[in-house]
Amino acid sequence: MKLSSSLLSLVLAAVSVRAAISEAELKENTAKGLRLISLEDGVDPVWKTEDEKLELMRAHRNFFDMTEVYEPNAATASPKSFAPLATYPSPSHQTAVNAIIKTINLSNMQNYLGNLTAFNNRYYKSTTGAAATDWIAKTAGDIAARYPASGATVTVFKHSWVQGSIIARIPGTTSGPVTIIGAHMDSINSSNPMNGRAPGADDDGSGSVNLMEAFRALLAAGFKPTTPVEFQWYSGEEAGLLGSQAIAKSYKAAGTQVKAMMQLDMTAYVKPGVKEVIGLVPDYVDAGLTSYVGSIIDTYSTLDWTTSPKCGYGCSDHASWYNQGYPSAFPFESRYGDHNPLIHSASDTITATGFSWSHLFEYAKVAVAFAYELGI
Ligand SMILES: *[C@@H]1O[C@H](CO)[C@@H](O)[C@H](O)[C@H]1NC(C)=O
Ligand SMILES: *[C@@H]1O[C@H](CO)[C@@H](O)[C@H](O)[C@H]1NC(C)=O
Ligand SMILES: *[C@@H]1O[C@H](CO)[C@@H](O)[C@H](O)[C@H]1NC(C)=O
Ligand SMILES: [Zn+2]
């Protein structure tokens, strides 16, 4: 289903001679409804119609839609500052973290996922996609309100499209650097994004409910971090990492320091006949943070981890943070390639073969441990 690599290199040869995009070109083409799409690392983005963009999505071709974040005045294409190989101490708060892990409640995650999958879809431009933002903001807001002493806040990060991203923040006793755990709240039916059924139970309802329950469990335990911890639910991941790019860019512009960003995108599927593992994605991540996540898994999960094959350019929201020079990591539901084949369809449900609540549960443990160990 992907473009063959020979076709791809022809396409790349054709576009790589382009000059960087000017402010005038950006304005003119955006007004025409064109989208600026980055398909490959180190190559200038190209203009696509909405239909061409949908074709890419149907072909499972990952990309960044940079239309709203592209910097025409940046010196050259690809002005990335690559993340340093960050170093992190070994996990050392086993007593406190294990006590919180004991309070993680699977029924809560089942209820959250029941509510999220009940929306016809959570597409970033649909009314039900916008309603899903309201639901997440309300649910996280109700949790924060139950623990006022935490000072936790929930805000909607608005975009130019209807579905907002959501940020739930547990303040630190100092202002930073912040530890972020992300998931994407949108879902997509690739044959009919606006109106088709897309329960998105695994992609990415699973990561979304992991975040909600980790947020709840930490607040219920009276967690008071030294440095802030944020849970972020991104809008429009399926449409080119839209929400995460906007937020990562705004953090960079504000000079916000980020200690670590961990993405949870698809945490519930175990391929029948394959050993159950957590796959650590090796590309567009920070190697030091990724090995730290491995040590968190060793310390707190019953699962083993393995290094996954690459998931590729623009594969999930960790890449938006990586592109801004922040350290990110991405523990995935399996080795890439052994993942859920039913995503982006009406069949991505909790009753699908391979959907595993006990597998999903382990990622809530990893989220709690990651937040606690890095925030405390
Ligand atoms: C887990 O959550 C459910 C509601 O989702 C609640 O009824 C139950 O009491 C909770 N269990 C524990 C041990 O807190
Ligand atoms: C939605 O969540 C509420 C409580 O949080 C729960 O009582 C209800 O059953 C959930 N709905 C679905 C469809 O799971
Ligand atoms: C998209 O949704 C329609 C119904 O809403 C469904 O019949 C179709 O199978 C879905 N497409 C995919 C790829 O699941
Ligand atoms: Zn996803």
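In the annotation of an unreviewed UniProt entry, the entry for the chain reads Peptide hydrolase, and the organism field reads Collybia nuda. Comment text from UniProt for the chain, heading Cofactor (unreviewed entry), reads "Zn(2+)".

Participant: Talk me through the coordination of the zinc ion (ligand 4); I want residue IDs and the actual numbers.
Facilitator: The coordination sphere of the zinc ion (ligand 4) contains the protein donors His184 (NE2), Asp203 (OD), Asp265 (OD) and Asp265 (OD), at a distance range of 1.9 to 2.6 Å. Within one chain, the residues serving as donors to the zinc ion (ligand 4) are arranged as H-x18-D-x61-D. Separated by 19 residues along the polypeptide, histidine 184 in strand E6 (residues 178-184) and aspartate 203 in helix H7 (residues 201-220) bring together distant segments of the chain. Given the relative accessible area of 0%, histidine 184 is considered buried.

Participant: How would you explain the domain arrangement of the chain if you had to name every residue and give the values?
Facilitator: Split into domains, the chain comes out as domain 1 (5-76) and domain 2 (94-375). In this structure, domain 1 and domain 2 have C-alpha centres spaced 27 Å apart. The partner domain 2 presents 26 residues to the 19 residues of domain 1 that form the contact. Summing both partners gives a buried area of about 1,700 Å² for domain 1 against domain 2, and 52% of it is carried by carbon and sulfur. The interface formed by domain 1 and domain 2 includes two salt bridges. The closest approach of N and O atoms between glutamate 50 and lysine 125, which form a salt bridge, is 3.3 Å. Elements that contribute at least two residues to the side of domain 1 that touches domain 2 include exactly strand E1 (35-38), helix H3 (50-58) and strand E3 (64-65). Considering every element that reaches the side of domain 1 that touches domain 2, the biggest residue donor is H3, with five residues. Residues belonging to the side of domain 1 that touches domain 2 are distributed by class as follows: seven nonpolar, three polar and nine charged.

Participant: I'd love a proper account of the site of ligand 1, names of residues and values included.
Facilitator: Taken together, the neighbourhood of ligand 1 is formed by Asn105, Ser107, Asn108 and Asn111. Take asparagine 105: an N or O atom from its side chain is 2.4 Å from an oxygen atom of ligand 1. One nitrogen or oxygen atom from the side chain of asparagine 111 is found 3.2 Å from an oxygen atom belonging to ligand 1.

Participant: Account for the site of ligand 2, naming residues and giving values.
Facilitator: In the vicinity of ligand 2, the contacting residues are Asn111, Gly114 and Asn115. A distance of 2.3 Å is found between an oxygen atom of ligand 2 and a side-chain nitrogen or oxygen belonging to asparagine 115. About the coverage of ligand 2: the protein hides 42% of its 360 Å² of free accessible area.

Participant: Give me the sheet that holds strand E10 (residues 304-307): which residues, what numbers.
Facilitator: A sheet is described by the order of its strands in space; here three strands give the open sequence E10-E9-E12, paired in mixed fashion. Each having just a single partner strand, E10 and strand E12 (331-332) make up the two edges of the open sheet. For strand E9 (residues 277-280) and E10, the ladder comprises four bridges, and the chain directions are parallel. Residue isoleucine 278 lies in a different strand from E10, and its bridge partner there is tryptophan 305. The sheet strands contacting helix H9 (residues 287-300) are E9, E10 and E12, and the helix crosses E9 at an angle near 165 degrees. Those strands touched by helix H11 (residues 357-375) are E9 and E12, and its axis lies near 55 degrees from that of E9.

Participant: Before we move on, could you go through the confidence of the model for the chain and cite the residues and values that matter?
Facilitator: Mean pLDDT over the chain stands at 92; residues scoring 70 or higher make up 92%. Within the model, pLDDT remains below 50 along residues 1-18, and this stretch shows 19 contacts once partners closer than five positions in the same chain are excluded. Across residues 75-79 the pLDDT falls below 50, and counting only partners more than four positions away or on other chains, this stretch makes three contacts in the model.

Participant: Got a sec to walk through the sheet that holds strand E2 (residues 46-48)? Specific residues and values, please.
Facilitator: Across the sheet, three strands lie side by side as E2-E1-E3; this open sheet has antiparallel pairing. Two strands in the sheet have a free side with no partner beyond their single neighbour: E2 and E3. The pairing of E1 with E3 spans two bridges and is antiparallel. Bridge pairing links isoleucine 37 to aspartate 65 in E3.

Participant: Break down the UniProt feature "domain: Peptidase M28" (unreviewed entry) in the chain for me, citing the residues and quoting the values.
Facilitator: Here, UniProt's "domain: Peptidase M28" (unreviewed entry) annotation points to residues 166-369. Taken end to end, residues 166-369 is 32% helix and 18% strand, and its first and last C-alpha atoms sit 21 Å apart.

Participant: Would you mind going over the environment of lysine 224 in detail, with residue names and values included?
Facilitator: Along the chain, lysine 224 falls in the loop between H7 and strand E7 (229-234). Note: C-alpha distance between lysine 224 and threonine 173 (51 residues apart in sequence) is 7.6 Å. For lysine 224, the residues in contact, after removing those within four places along its chain, are Ala149, Ser150 and Ile376. Only 2.6 Å separates the side chain of lysine 224 from the backbone oxygen of alanine 149, close enough to count as a polar contact.

Thresholds applied
- Residues numbered from 1 in each chain as written.
- Chains lettered and ligands numbered in written order.
- Predicted model: local features only at pLDDT ≥ 70, side-chain atom pairs only at ≥ 80, totals over all residues.
- Heavy atoms only, no water.
- UniProt positions renumbered as here; feature names shortened; annotations may be inferred.
- Donors = N, O, S within 2.8 Å, 3.2 Å for Na, K, Ca; no water.
- Helix = DSSP H or I, 4+ residues; strand = E, 2+ residues; numbered from the N terminus.
- Buried < 20%, exposed > 50% of the residue type's maximum accessible area, 1.4 Å probe, protein only.
- Domains from an automatic or database assignment.
- Contact = heavy atoms within 4.5 Å.
- Buried area = accessible area lost by both parts, 1.4 Å probe.
- Salt bridge = Lys/Arg side-chain N within 4 Å of Asp/Glu carboxyl O.
- Nonpolar A, V, L, I, M, F, W, Y, C, P; charged D, E, K, R; others polar.
- Near = heavy atom within 4 Å.
- Polar contact = N/O pair within 3.5 Å; in protein donor to acceptor, adjacent residues only side chain to side chain.
- Areas by Shrake-Rupley, 256 points an atom, 1.4 Å probe, with all protein chains shown as cover.
- Pairing = 2+ DSSP bridges.
- Axes fitted to C-alpha atoms, helices over the stretch in contact; angles between N-to-C directions.
- pLDDT = per-residue confidence, 0-100.

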